[in-house]
Amino acid sequence: MDLKKSSFKKLSKFLQAKAEEGYITVKEQSKGVDVITDVDKSHLGLRDVQVPEIEEESTSADSATAADADTVVPLTFTDVYCINATTQDLFKELGHAKGDALLIAEVRECVTEYIKRNDLQCEDKRVVGKMQASVAISAGNEPPTVKKGKLEPIKVTTALRSSNKKVTVVENLEDFGIDVRVFARLVQKAVACSCSVAPSEQKNKGPSVTIQGNQIAFVGKVLLEKYKIPRRYISGLENAVKQKKR
């Protein structure tokens, strides 16, 4: 609930109003700190509110995992080939439609079966060369998302902001299915610096993440090790600050 967009504007005013209506009892613990000491569950305004049943009690470890909304799920990248207008007739009689993404092994099986069915001479026609090269990206057990054509890499750059302060800008994260807010919180906690999410300066691009200082080395480590993104899909890592040899 965004109180700034409500008529209350402040949390203290909201709590005071609900206390006057009899929903809660509020006690000022210290200056500027209000504590809800009681909730009147029998209040008429709560008569239609239903508490969902708890299926089972989780262990402390499971609870910590479930409560951690910032969990990073490693990504899996698979090279696939999408059926296009040029090759759809070949795959149609085998039960595939235009736009379907196939592994290279599946393409070979389909071509072999097509040759057998139509009593054709087995020649190396390189069907794959006429298909649309794509990438299937999956997170955990989620169904893969197929990115057709050339996948633009995650762009990691540095820039100067007000007062000549250097920042690190990370773009194209959403193209890889990465939640930019989870990513920003992860970086902010790890390097203890300011981190923000804002619309990209480029047209038709998702939001970018801006991090205080030159954090290219750490960003690269997170993307490579936690998200398991292949290095070929990340640009700008060569501009990381080189660590001095001891």
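In what follows, the structure referred to is the one given above.
From a predicted model like this one, the values you see are computed outputs, not experimental measurements. (Residues numbered from 1 in each chain as written. Predicted model: local features only at pLDDT ≥ 70, side-chain atom pairs only at ≥ 80, totals over all residues. Heavy atoms only, no water.)

Peer 1: Is there a simple way to explain the overall build of the protein chain in this structure?
Peer 2: The helix and strand inventory of the protein chain stands at 6 helices and 11 strands. Within the protein chain, buried positions represent 28% of all 246 residues. (Helix = DSSP H or I, 4+ residues; strand = E, 2+ residues; numbered from the N terminus. Buried < 20%, exposed > 50% of the residue type's maximum accessible area, 1.4 Å probe, protein only.)

Peer 1: What is the right way to look at the sheet that holds strand β3 (residues 75-82) in this model?
Peer 2: The strands that make up a sheet pair up through hydrogen bonds in the backbone, lying either parallel or antiparallel. Spatial strand order, β4-β3-β5-β6: 4 strands in an open sheet with antiparallel pairing. Taken across any chain shown, the strands that pair with only one partner, and hence form the sheet edges, are β4 (101-102) and β6 (145-148). Of the strand pairs in this sheet, β3 and β4 are connected by 2 bridges, and their pairing is antiparallel. Residue pairing for β4: Tyr-81 is matched across the bridge by Leu-102. (Pairing = 2+ DSSP bridges.)

Peer 1: I keep staring at the environment of Glu-201 and nothing clicks. Help me out?
Peer 2: By secondary structure assignment, the location of Glu-201 is in the loop between β9 (195-198) and β10 (208-212). On a C-alpha basis, the gap between Glu-201 and Glu-171 in space is 9.7 Å, while along the polypeptide they are 30 residues apart.

Peer 1: It is not clear to me how the side chain of Thr-168 should be interpreted in this structure. Could you clarify?
Peer 2: Within the secondary structure layout, Thr-168 lies in strand β8 (residues 166-171). Here Gly-213 takes part through its backbone oxygen, which lies 2.6 Å from a polar atom of the side chain of Thr-168. There is a polar contact of 2.8 Å between the side chain of Thr-168 and the backbone nitrogen of Gln-215. Beyond its immediate sequence surroundings of up to four residues, Thr-168 is in contact with Val-156, Thr-157, Thr-158, Val-209, Thr-210, Ile-211, Gly-213, Asn-214, Gln-215 and Ile-216. (Polar contact = N/O pair within 3.5 Å; in protein donor to acceptor, adjacent residues only side chain to side chain. Contact = heavy atoms within 4.5 Å.)

Peer 1: Mind showing me how you'd approach the packing of aromatic side chains here?
Peer 2: Within a pair of aromatic rings, the relevant descriptors are the distance that separates the centres and the angle that separates the planes. Taken as a whole and assessed by the stated rule, the structure comprises 4 aromatic pairs. Considering the side-chain rings of Phe-77 and Phe-176, the 5.8 Å spacing of their centres and the 50 degrees angle between planes classify their relative orientation as tilted. A residue pair is termed long-range when its members are at least 10 positions apart, and Phe-77 in strand β3 and Phe-176 in the loop between β8 and α5 (180-191) qualify at 99 residues. Assessed through its relative accessible area of 17%, Phe-77 is described here as buried. Pairing Phe-77 with Tyr-233 gives two aromatic rings, centres 5.3 Å apart and planes at 25 degrees, and the pair type is stacked. Here the residue Phe-77 occupies a position in strand β3, and Tyr-233 occupies one in the loop between α6 (216-226) and β11 (234-235), the gap between them amounting to 156 residues. Just as Phe-77 is buried, Tyr-233 falls in that class too. Among the aromatic side chains, those forming a connected cluster through ring pairs are Phe-77, Phe-176 and Tyr-233. (Phe/Tyr/Trp six-rings, centres within 6.5 Å; stacked < 30°, edge-to-face > 60°.)

Peer 1: I tried to follow the pairing of β3 on my own but got confused; where do I start?
Peer 2: Each regular strand shows side chains that alternate between the opposite faces of the sheet. Of the strand pairs in this sheet, β3 and strand β5 (residues 132-139) are connected by 8 bridges, and their pairing is antiparallel. Within β5, the position partnered with Phe-77 by the bridge is Ile-137.

Peer 1: Quick question: what am I supposed to make of the side chain of Ser-134 here?
Peer 2: Along the chain, the position of Ser-134 falls in strand β5. Within the structure, Ser-134 has its side chain in polar contact with the backbone oxygen of Gln-132 (distance 3.2 Å). Ignoring anything within four residues of it in the chain, the contact list for Ser-134 reads Thr-78, Asp-79, Val-80, Cys-82, Val-146, Lys-147, Lys-148 and Gly-149.

Peer 1: Which parts of the structure should I look at to understand the pattern of salt bridges?
Peer 2: Opposite charge on two side chains permits pairing when their charged atoms draw close. In the structure shown here, the tally under the stated rule is 4 salt bridges. With a closest N to O distance of 3.1 Å, Arg-117 and Glu-113 form a salt bridge. Taken together, the positions of Arg-117 and Glu-113, both in helix α4 (residues 104-117) and 4 residues apart, correspond to about one turn of that helix. (Salt bridge = Lys/Arg side-chain N within 4 Å of Asp/Glu carboxyl O.)

Peer 1: What exactly am I supposed to notice about the packing of α5 against α6 here?
Peer 2: If you want to describe how two helices pack, look at the angle between their axes and the distance between the axes. The interhelical angle for the contact between α5 and α6, taken along N-to-C directions, is 125 degrees, at an axis separation of 11 Å. As judged from the angle between their axes, α5 and α6 are oblique. Of the two elements, α5 crosses α6, and the hand of that crossing is right-handed. When α5 is examined against α6, the residues Phe-183, Leu-186, Val-187, Ala-190 and Val-191 are found in contact with a partner set consisting of Phe-218, Val-219, Val-222, Leu-223 and Lys-226. (Axes fitted to C-alpha atoms, helices over the stretch in contact; angles between N-to-C directions. Parallel < 35°, antiparallel > 145°, perpendicular 65-115°, else oblique. Left-handed = near helix turned anticlockwise from the far one by under 90°.)

Peer 1: Help me understand the state of the cysteines in this model?
Peer 2: Disulfides are covalent bonds that connect the sulfur atoms of two cysteines. Scanning all chains against the criterion turns up 0 disulfides. Of all cysteine sulfurs, the one in Cys-193 lies closest to Cys-195, which takes part in no disulfide; the gap is 6.1 Å. Residue classification places Cys-195 among the buried positions, given a relative accessible area of 16%. (Disulfide = S-S within 2.5 Å.)

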